[in-house]
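So the chains spell out like this:
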Amino acid sequence: MTRVIKAIYTASDDPQFGTVEDEVIVLSPDILAEKYDDTDVVFYVTSEAIAVNQEVVNIDRATCPRFEINFDTPVDEINYGQLSKLSFLDFIRTFAK
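Everything in this summary refers to the structure shown in the same document. Fair warning: this is a prediction, and the values are worked out from it, not measured in the lab.

What about the pattern of salt bridges?
Argument step 1. Applying the stated rule across the entire model yields four salt bridges.
Argument step 2. With its nearest N and O atoms 3.4 Å apart, the salt bridge here joins Glu-21 to Lys-6. In this pair, Glu-21 is assigned in strand β2 (residues 20-28) and Lys-6 in strand β1 (residues 3-10), connecting sequence segments 15 residues apart.
Argument step 3. Take Lys-6: its relative accessible area is 32%, and that puts it in the partly exposed class.
Argument step 4. Arg-61 is paired through a salt bridge with Glu-34; the nearest N and O atoms lie 3.3 Å apart. Of the two residues, Arg-61 is situated in the loop between β5 (56-60) and β6 (66-70) and Glu-34 in strand β3 (residues 31-36); the sequence distance between them amounts to 27 residues.
Argument step 5. For Arg-61, a relative accessible area of 29% translates into the label partly exposed.
Argument step 6. Residue classification places Glu-34 among the buried positions, given a relative accessible area of 6%.

Okay, here's the thing in structure tokens:
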């Protein structure tokens, strides 16, 4: 089951970045989805599993592997619960930078 938690973004390679807070969708214990723009999503592969009761995650944009994708459909129309059950997750893990 997917759920929404708060992400606190930093960038260890850019001290001027500061911190940014946003909501992310937990797709699996180690994969998060950040919706931005109307059709774009960034998937983050975390080094530590997100706990079932965890409500906040820290993401360093300089070091956290990620995979960006542009969907043809608006991101608010995507069923992330269904997406989390697809083999597409293995695709994300493979191509995350």
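Focus: unusual backbone geometry
Argument step 1. The backbone of Asp-37 sits at a positive phi, close to 55°, despite the residue not being glycine.
Argument step 2. Among the secondary structure elements, Asp-37 is positioned in the loop between β3 and β4 (40-45).
Argument step 3. Given the relative accessible area of 56%, Asp-37 is considered exposed.

Cut-off values and rules
- Residues numbered from 1 in each chain as written.
- Predicted model: local features only at pLDDT ≥ 70, side-chain atom pairs only at ≥ 80, totals over all residues.
- Heavy atoms only, no water.
- Salt bridge = Lys/Arg side-chain N within 4 Å of Asp/Glu carboxyl O.
- Helix = DSSP H or I, 4+ residues; strand = E, 2+ residues; numbered from the N terminus.
- Buried < 20%, exposed > 50% of the residue type's maximum accessible area, 1.4 Å probe, protein only.

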